Amino acid sequence: MVRCLRDGVEGLKVSTEPTPQGSRLDIDAMVAVVTGGAGGMGRHLAKELSRRGASVVIADIEEPVLEATVAELSGRDDLERGDVSGFRTDVSDEDSVTALADYVYS
């Protein structure tokens, strides 16, 4: 299931067609939001998305770890690296998630 950060996002197209097995998703120049992206699996996902050319917004509640992760991923020299930014977000708080959406879509 795919959910938008907020209702009414114009021009958003979501495909429900499965990706053929063995094919790669073309994410170059796309924006990816990774919640819990400052550590663990989220951090690895953010790193890989950025390495493949996506602009990544890391959303995490732990601000010091978030800042350190953004600094680390922004300082890499990958040729296809997309931009990396961070936004402190508490996904259990609707206002915090709305602020994240405003940041991403601004």
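Residues numbered from 1 in each chain as written. Predicted model: local features only at pLDDT ≥ 70, side-chain atom pairs only at ≥ 80, totals over all residues. Heavy atoms only, no water.

1. Some thoughts on the nonpolar core
Counting 13 residues, the largest nonpolar core has Ala46, Leu49, Val56 and Ile58 as its most contacted members. Residue assignment for this core shows that the elements contributing at least two residues are strand E1 (31-35), helix H1 (40-51), strand E2 (55-60) and helix H2 (63-74). Here the element with the most residues in this core is H2; it accounts for three residues. Sequence-distant contacts of isoleucine 58, that is, excluding residues within four places in its chain, are made with Val34, Gly37, Ala38, Ala46, Leu66, Thr69, Val70, Leu73, Val84, Ser85, Gly86 and Phe87. (Core = buried A, V, L, I, M, F, W, Y, C linked by side-chain atoms within 4.5 Å. Buried < 20%, exposed > 50% of the residue type's maximum accessible area, 1.4 Å probe, protein only. Helix = DSSP H or I, 4+ residues; strand = E, 2+ residues; numbered from the N terminus. Contact = heavy atoms within 4.5 Å.)

2. Some details on the side chain of serine 96
Position of serine 96 among the secondary structure elements: in helix H3 (residues 94-105). When residues no more than four places from it in sequence are discounted, the contact partners of serine 96 are Phe87, Arg88, Thr89 and Asp90.

3. Observations regarding the packing of H1 against H2
Here H1 crosses H2 at 30°, and the two axes come no closer than 11 Å. Between H1 and H2, the interaxial angle falls into the category roughly parallel. The handedness of the crossing between H1 and H2 comes out as right-handed. Every residue of H2 that contacts H1 at Arg43, Ala46 and Lys47 is listed here: Thr69, Glu72 and Leu73. Among the residues forming the contact of H1 with H2, the class breakdown is two nonpolar, one polar and three charged. (Axes fitted to C-alpha atoms, helices over the stretch in contact; angles between N-to-C directions. Parallel < 35°, antiparallel > 145°, perpendicular 65-115°, else oblique. Left-handed = near helix turned anticlockwise from the far one by under 90°. Nonpolar A, V, L, I, M, F, W, Y, C, P; charged D, E, K, R; others polar.)

4. A closer look at the confidence of the model for the protein
Summarising the model, the protein shows a mean pLDDT of 81, and 72% of its residues fall at 70 or more. Confidence, expressed as mean pLDDT per element, reaches its minimum in the protein at H1 with 91 and its maximum at strand E3 (residues 84-88) with 96. (pLDDT = per-residue confidence, 0-100.)

5. Observations concerning H3
Taking 1.5 Å per residue, 12 residues should reach 16 Å; H3 reaches 16 Å between its end C-alpha atoms and fits that length. Residues of H3 that are buried include every one of Ser96, Leu100, Ala101 and Val104, and no others. All buried residues of H3 lie within an arc of 145° about the axis, which places them on one face of the element. Away from the buried face of H3 by more than 90 degrees, exposed residues Glu94 and Asp95 are located. Capping the start of H3 is the job of one residue whose side-chain oxygen sits 3.2 Å from the backbone nitrogen of aspartate 95: aspartate 93. (Expected span 1.5 Å × (residues − 1). Arc of directions from axis to C-beta. Polar contact = N/O pair within 3.5 Å; in protein donor to acceptor, adjacent residues only side chain to side chain.)

6. Digging into the environment of aspartate 60
Following the sequence through the fold, aspartate 60 ends up in strand E2. Every residue in contact with aspartate 60, bar those within four places of it in the chain, is listed here: Gly36, Gly37, Ala38, Gly39, Leu66, Phe87, Arg88 and Thr89. Separated by 3.5 Å, the side chain of aspartate 60 and the backbone nitrogen of glycine 37 make a polar contact.

7. Here's the deal with the pattern of salt bridges
Two side chains bearing opposite charge may form a pair once their charged atoms approach each other closely. Applying the stated criterion to the full structure yields three salt bridges. Among the ionic pairs, glutamate 48 bridges to arginine 52, the shortest N-O distance being 3.0 Å. Under the relative-accessibility criterion, glutamate 48 is labelled partly exposed at 22%. Look at arginine 52 and you get partly exposed, because its relative accessible area is 31%. Linked through salt bridges whose partners overlap, the residues forming this network are Glu48, Arg51 and Arg52. (Salt bridge = Lys/Arg side-chain N within 4 Å of Asp/Glu carboxyl O.)

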